[in-house]
Amino acid sequence: MKYLLLIIFFLVSLTVVTHSQIVFPSPNQVKMRKGNLTLGREISMYAEDTTMFYLNFFRTEVLCSTSVRWMKKESEADICWMTDSSLSPEGYRINISPQQMVIMACDERGFTYAVQTLRQWVTGSGGNLIFTCADISDFPRMQWRCFLLDSGRQYHKISTIKKYIDMASLLKMNYFHWHLTEGLGWRIEIKQYPRLAQVGGSVGKGEEQQGFYTQEEIQEVIEYAGQRNITIVPEIDMPGHAEAALSAYPEFSCFGLPAEVPQHGFSQNIFCAGKEEVLHFLKNVLDEVCALFPSPYIHLGGDEAPKGNWDKCPDCQKRIAEMNLKDSHDLQLWFAAQMADYLKLKGRKAIFWGDVVYHDGYLLPDNTVIQWWNYRGRKDLALRNALNHHYPVICSSNYYTYLNFPVTPWEGYTEARTFDLQDVYQNNPSDKVISEKNPLVIGMSCALWTDYGVTERMIDRRLFPRILALSEQMWYQGELLDFPRFYQNILQEKSGLNNWDLNLVRFLKARKREITVGISRGIFARYFRVMSLEKMYFCKI
C-alpha cells in the first residue's frame, strides 16, 4: 500500500508547476527572490582576471553562443565575478536580482562550482537566458569527494575518461580515482619498462580489454581534469592484481613463471615481497608515476592479495625471518610500508585499501591513508582498525557506493550484490560514518568497477541516477530531503545534466514496484512509466 501511495504522489507531483530550481547536489542555502534576470543576445560581464578558465567554461556551458562584452566596472555589468576571501575554500555565493548576477568565491574551485550550479539553474526562452532570482550560499560537507573508474579491467577511450571527469566536476566531486593496473590490464606507459603496457595492456581477451595510455595522453587528462577542479589519483595496485604486469615481467613473481591471467577474479600470482629487485622495480615505476601525476595522493592498492605463493616462496620466507615478522600478512604490511616510505620522500601520501589493516602488525608510516571498502564481507573492521591507529580514512563501502553493483542480478552479481536508489539514499553506511564527524574521516568515494565486462555503453546505466544520491551525501550539509521528494526532484530535473544519453533506467527494485524513467535526450526527460517487472525488464544488458 505504501508504494501505491508513493506512486500516486509522483503522478500528482508532475501536474504541479514548481517555481523552485533543482540542482544536484543541492546547494546548502538557497533563498528564493521574486523575479528573473533575463539576458539577451549580448551579455556584459566584469571579472578581475578575464583569462581564468572558469570564465571560458561559463561562456561555453551556460551562455552557449551568446556574445560577451567585458566591462571595466562591476556596476556596469550584467554578471560580475568577485573574489571574496571571507568565503571558505571551494565555497561560493551567487546573488541574482532582476538587474544583475554577482558570483563570489575565494578561489578558482569555488568559481568552478558556481558555474556547475548555474549550468543547472539557467533556463531559456525566445533566445533569452533566464536566471531565477535567488541568493545562494554553498560549500562542501567533506574535503574528499571522489569517483573511481576502473580502467584496468576494461580499457576506456580518452574521450570517455573526459566524459566522466566532466560528470564528477558537475556533481562537485574533487577527486577522480583512476584505477590503472589490474590483472586484466596494465594501462599506464612506463618508459623504463615498456613491456608493462605493450604486453600487460593486451592480456584481456574480452571486448574493450586491450589498450594502454601513453604518458602524453595521461598528461592531457590531468590537465583537462585540473581545469575542472579534479585531482587525478592514480592507482598502481600492489602486491596483488598483478597478473598483467607479471605476464610482461615474470621474474618479479615469486617463482619466475609466466602468470596465468584469470578473466574473472584474481589469482595467487602477486609481486614477490622477498626479492630486492621487485622493490627496485616498483620504486622505479613510482618514480614515473609521481613525475606524471601532481596529486599529493598515490593509491597503492593492497586489496585481495592471497598469500599462497608467499607462504611457499623461499625469498618471502627469508624476508619474514630477517625482519622478525609474524607471518605473510605482516610481510604485506612491511612491503606496504616500504612503498609508503618511498612516496613520503617525494612528499606524497599513500592510500591503501582496508585489507592491509584487518590485522595488527608492522606499523605503516604517518603518510598512510586507508580506504574502507568491504562492508559486505567485513563490515566496519577496516574502518575501526584504521581509526584506532589514527590513519585518515576514505569511506567507500561497497554497500552502497559500488555502482557496478546492479539494481537486479546480472552476470556474477547475485541478489546479495544489488541495490537501488532508495538503498543508497537511505542506508549508505559510508554516509552514516561521515555523520559521526570524526576528523580522521576525510570523505567519501564511489566507484564503477568493470568486472564481468562492463563496457562503455553500459556505464551510464550503472551510474545514474544512484550517483546523484551519493553526490548529495558528499556535498550537502543540511538534513536530506525525504526519499519521495528527492525522487521527485530527479524526475523534474530538466537542464544542466545533458551529456548522458541513456535508454530506460531502472531506479527501484521490483519488490518496491517498478518505477522507471524514460530518458531520451539528456539524463532526465519528464516522463516515466509505472509497471511491474513481469511487463518490462530494464536491467538486462
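Because the structure is predicted, anything quoted here is derived from the model rather than measured. (Residues numbered from 1 in each chain as written. Predicted model: local features only at pLDDT ≥ 70, side-chain atom pairs only at ≥ 80, totals over all residues. Heavy atoms only, no water.)

A.B. asks: Before we go on, may I ask you to explain the pattern of salt bridges in this structure?
C.D. replies: Pairing is possible between side chains that carry opposite charge, provided their charged atoms lie close to one another. Overall, the coordinates contain 22 salt bridges when judged by the stated rule. Lysine 163 is the salt-bridge partner of aspartate 460, the closest N and O atoms lying 3.0 Å from each other. Note that aspartate 460 is positioned in helix H17 (residues 456-463) and lysine 163 in helix H4 (residues 158-170), a separation of 297 residues in sequence. Residue aspartate 366 pairs with lysine 344 through a salt bridge whose shortest N-O separation is 2.7 Å. Placement of aspartate 366 in the loop between strand E15 (349-353) and strand E16 (368-372) and of lysine 344 in helix H11 (residues 328-345) is noted, with a sequence separation of 22 residues between them. Overlapping salt bridges, with partners in common, bring together Asp150, Arg153, Glu182 and Asp451 in one network. (Salt bridge = Lys/Arg side-chain N within 4 Å of Asp/Glu carboxyl O. Helix = DSSP H or I, 4+ residues; strand = E, 2+ residues; numbered from the N terminus.)

A.B. asks: What is the right way to look at unusual backbone geometry in this model?
C.D. replies: Both trends apply: most residues other than glycine have a negative phi, and most peptide bonds are in trans. Looking along the chain, the bond that leaves phenylalanine 24 and enters proline 25 is cis, with omega of -10 degrees. For proline 25, the position within the fold is in the loop between helix H1 (2-13) and strand E1 (29-39). A cis amide bond links methionine 238 with the next residue in sequence, proline 239, at an omega value of 0 degrees. The phi dihedral of glutamate 411 falls on the positive side, at around 45 degrees, and the residue is not glycine. Its place among the elements puts glutamate 411 in the loop between helix H14 (398-401) and helix H15 (421-427).

A.B. asks: Is there a simple way to think about the packing of H4 against helix H6 (residues 215-227) in this case?
C.D. replies: The description of two packed helices rests on the angle between their axes and on the distance between the axes. Between H4 and H6, whose axes approach to 10 Å, the crossing angle comes to 20 degrees. Between H4 and H6, the angle is such that the two are roughly parallel. Like other packed secondary-structure pairs, H4 and H6 cross with a definite hand, here right-handed. The segment H4 lies against H6, with Ile158, Ile161, Lys162, Ile165 and Asp166 engaging Glu217, Glu220, Val221, Tyr224 and Ala225. (Axes fitted to C-alpha atoms, helices over the stretch in contact; angles between N-to-C directions. Parallel < 35°, antiparallel > 145°, perpendicular 65-115°, else oblique. Left-handed = near helix turned anticlockwise from the far one by under 90°. Contact = heavy atoms within 4.5 Å.)

A.B. asks: Explain the environment of alanine 337 to me, please; I cannot follow it from the model alone.
C.D. replies: Examined against the element boundaries, alanine 337 turns out to sit in helix H11. A sequence separation of 29 residues divides alanine 337 from aspartate 366, and the C-alpha atoms of the two residues are 9.8 Å apart. Other than its neighbours up to four places away in sequence, alanine 337 contacts Tyr362, Leu363, Leu364 and Pro365.

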